[in-house]
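Observations on chain architecture
In case you want the letters, here they are:
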Amino acid sequence: MTERWATGLEKAILTNKAYEYFENICQLCFQEIDRSLPENLPGSPTIDHESAQSVGGAKRDIENLLPMHNRCNQFKGTKPIEVARALWIAKQAKNTKVW
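Let us look at the structure shown here. (Residues numbered from 1 in each chain as written. Predicted model: local features only at pLDDT ≥ 70, side-chain atom pairs only at ≥ 80, totals over all residues. Heavy atoms only, no water.)

**Comments concerning the packing of aromatic side chains**
For the coordinates displayed, the defined rule picks out two aromatic pairs. Each ring, one from Y21 and one from F22, has its centre 4.8 Å from the other, and the planes form 85 degrees; the classification is edge-to-face. We classify Y21 as exposed; its relative accessible area is 64%. When the ring of F75 is compared with that of W88, the centres are 5.2 Å apart and the planes differ by 80 degrees; the resulting orientation is edge-to-face. Here the residue F75 occupies a position in helix α2 (residues 70–76), and W88 occupies one in helix α3 (residues 81–94), the gap between them amounting to 13 residues. Sitting over the ring of F75, K79 keeps its end group 5.3 Å from the ring centre. (Phe/Tyr/Trp six-rings, centres within 6.5 Å; stacked < 30°, edge-to-face > 60°. Buried < 20%, exposed > 50% of the residue type's maximum accessible area, 1.4 Å probe, protein only. Helix = DSSP H or I, 4+ residues; strand = E, 2+ residues; numbered from the N terminus. Lys NZ or Arg CZ within 6 Å of the ring centre and 35° of its normal.)

**Brief notes about the environment of E20**
Tracing the chain through its elements places E20 in helix α1 (residues 8–21). Along the backbone, E20 and P67 are 47 residues apart, and their C-alpha atoms lie at a distance of 9.5 Å.

**Some thoughts on the pairing of strand β2 (residues 65–69)**
Most of β2 is tucked away: five of the five residues are buried. Where burial is concerned, the two faces of β2 agree: the one with L65, P67 and H69 and the one with L66 and M68 are both buried. Here strand β1 (residues 45–49) pairs with β2 via five bridges, running antiparallel. Looking at the pairing, P45 lines up with H69 of β2. (Pairing = 2+ DSSP bridges.)

Okay, here's the thing in structure tokens:
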């Protein structure tokens, strides 16, 4: 059974703490997150679970919450963050031209 938030306030408090702790920096691409963007845009702010809930990660553990852009969160999926970062770096290197 999926763990549920006790209240919307609990979710908001933990989410804000995660953004503050990581200084509004995406934990995949390390670019700033614009928290004023509406939901469902590629750059929209999201909170990812470092250890995915589908593999037992805790929903309410602040140490398991990582701020990310929506596109970065989708790229990471259920992969461990270290694996996702390595794949992200490889993808960026492939798309960068060296003159």
